Amino acid sequence: MTPAHSGPVIVRTSRGPSDHVVTALAKSGVATAHEAFGRRGLLGPELRPVYPGARIAGRAVTVLSHPGDNLMIHACIEQCREGDVLVVATTSRSTDGMFGELFATQLLHRKVRGLVIDAGVRDVADLTALGFPAWSRAVHAQGTAKAVPGSVNVPVVVAGQLIHPGDVIVADDDGVLCVPLAQSEQVVEACARREANEEAKRLRFREGELGIDIYNMRPLLEQLGVRYVDAADDASTSEKDS
């Protein structure tokens, strides 16, 4: 639990998920974990990866910054540990390039897994070469100041989703998901059940069965008034052939 406070603050906390939870959710990915979590927890689709193919999960270390100012990103780095995901929000909408290659270099040294930022990043070619995954609202070379205080490891809202420090962030090409720490074990279990169910269906699809039959949708279509009719041109072709 984040302690009560007023004004800018840097909270030191070890709150976070087990390695097992992080590994399992990274393997499951955003789409599966989102469904297993009851279709909850997604951050808005405006957050996109700066390069394709990355898939991560980790403990959220949160930053609340003034727009156009990255002072608190600098201040938060010493709070990051191996396996974390840095999550940056701003107090109002921003697309400025608040994060770049020098930040990534520092975080890679601390074995941080990636960045989710509700603002802009820059140095995309360098981030890609470094293999540092980042999900951002924008790619923008606009520079930023280092002058306005903010907070580290406090609850933040990123792309419409509330995130507490220590929650589990899952991110891949499908987007970004937040799984609250208290529910993360249950979501891992639900993911395993869902994956087993999907594998069974996958085998049936490979044998030629259709989703409309596996999911028993034909009675629903009939109930909804959907009818099958033969096209007139097919009927006329059949008459000529006869």
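Quick notes on the rules
- Residues numbered from 1 in each chain as written.
- Predicted model: local features only at pLDDT ≥ 70, side-chain atom pairs only at ≥ 80, totals over all residues.
- Heavy atoms only, no water.
- Helix = DSSP H or I, 4+ residues; strand = E, 2+ residues; numbered from the N terminus.
- Expected span 1.5 Å × (residues − 1).
- Contact = heavy atoms within 4.5 Å.
- Phe/Tyr/Trp six-rings, centres within 6.5 Å; stacked < 30°, edge-to-face > 60°.
- Buried < 20%, exposed > 50% of the residue type's maximum accessible area, 1.4 Å probe, protein only.
- Lys NZ or Arg CZ within 6 Å of the ring centre and 35° of its normal.
- Axes fitted to C-alpha atoms, helices over the stretch in contact; angles between N-to-C directions.
- Left-handed = near helix turned anticlockwise from the far one by under 90°.
- Nonpolar A, V, L, I, M, F, W, Y, C, P; charged D, E, K, R; others polar.
- Bend = angle between axes of the 7 residues up to and from the residue.
- Core = buried A, V, L, I, M, F, W, Y, C linked by side-chain atoms within 4.5 Å.
- UniProt positions renumbered as here; feature names shortened; annotations may be inferred.

1. Describing helix 5 (residues 184-206)
- If you check helix 5, its first and last C-alpha atoms are 32 Å apart, about what 23 residues at 1.5 Å a residue would give, namely 33 Å.
- Turning to helix 5, the residues buried within the fold contact helix 1 (19-36), strand 10 (168-172) and strand 11 (175-179).
- One or two steps after helix 5, the chain reaches Gly208, where phi turns positive at roughly 105 degrees.

2. As for the packing of aromatic side chains
- Applying the stated criterion across every chain, the model contains two aromatic pairs.
- Summarising the aromatic geometry, the rings of Phe99 and Phe103 are spaced 5.4 Å apart at their centres and angled 20 degrees between planes, so their arrangement reads as stacked. The same class applies to Phe99 and to Phe103, which are both buried.
- Ring geometry for Phe99 and Phe132: centres 5.7 Å apart, planes at 15 degrees, overall stacked. Within this pair, whereas Phe99 is found in strand 4 (residues 97-99), its partner Phe132 is found in the loop between helix 4 (124-130) and strand 6 (134-139), the two being separated by 33 residues in sequence. Pair check on accessibility: Phe99 and Phe132 agree, each one buried.
- Here the aromatic cluster, defined as three or more aromatic residues joined through ring pairs, consists of Phe99, Phe103 and Phe132.
- The ring of Phe37 has Arg40 lying over it, and the distance from NZ or CZ to the ring centre is 4.1 Å.

3. Describing the packing of helix 1 against helix 5
- Across the interface, helix 1 lies against helix 5 with an axial gap of 9 Å and an inter-helix angle of 65 degrees. Seen from above, helix 1 lies across helix 5 with left-handed handedness. Where helix 1 approaches helix 5, its residues His20, Val21, Ala24, Leu25, Lys27, Ser28, Thr32, Ala33, Glu35 and Ala36 are matched on the opposing element by Ser184, Glu185, Val187, Val188, Ala190, Cys191, Arg194, Glu195 and Glu198.
- Here the residues of the contact of helix 1 with helix 5 are counted per class, giving nine nonpolar, four polar and six charged.

4. Let's talk about helix 1
- With 18 residues, helix 1 extends just 19 Å between its outermost C-alpha atoms, more than 12% less than the 26 Å of an ideal straight helix rising 1.5 Å per residue.
- Its maximal kink placed at Gly29, helix 1 deviates by approximately 105 degrees.
- Taken as a whole, helix 1 has its buried residues at Val21, Val22, Leu25, Ala26, Ser28, Gly29, Val30, Thr32, Ala33, His34 and Ala36.
- Buried-residue contacts for helix 1 involve strand 2 (56-65), strand 10, strand 11 and helix 5.

5. Notes on the nonpolar core
- In terms of nonpolar packing, the biggest core is built from 45 residues, with Leu86, Phe99, Val116 and Val158 touching the most fellow members.
- Aside from chain neighbours lying at most four places away, what touches Leu86 is Val61, Val63, Ile73, Cys76, Cys80, Phe99, Leu107, Val112, Gly114, Leu115 and Val116.
- Residues Leu25, Val30, Leu177 and Val179 belong to the second largest nonpolar core, which totals 17 residues.

6. Things to note about the environment of Glu101
- Assignment of secondary structure puts Glu101 in helix 3 (residues 101-109).
- Each C-alpha atom, one on Glu101 and one on Thr144, is 14 Å from the other, the two residues being 43 residues apart in sequence.

7. Concerning the UniProt feature "binding site: substrate" (unreviewed entry) in the protein chain
- UniProt records the feature "binding site: substrate" (unreviewed entry) for Arg122 and Asp123 in the present numbering.
- Position of Arg122 among the secondary structure elements: in the loop between strand 5 (114-121) and helix 4.
- On the basis of relative accessible area, Arg122 is assigned to the partly exposed category, the value being 33%.
- If near-sequence neighbours (up to four positions away) are discounted, Arg122 is found in contact with Gly97, Phe99, Gly100, Leu127, His140, Ala141, Gln142 and Gly143.
- Looking at the secondary structure, you find Asp123 in the loop between strand 5 and helix 4.
- Residue contacts for Asp123: discarding those within four places in its chain leaves Gly100 and Glu101.

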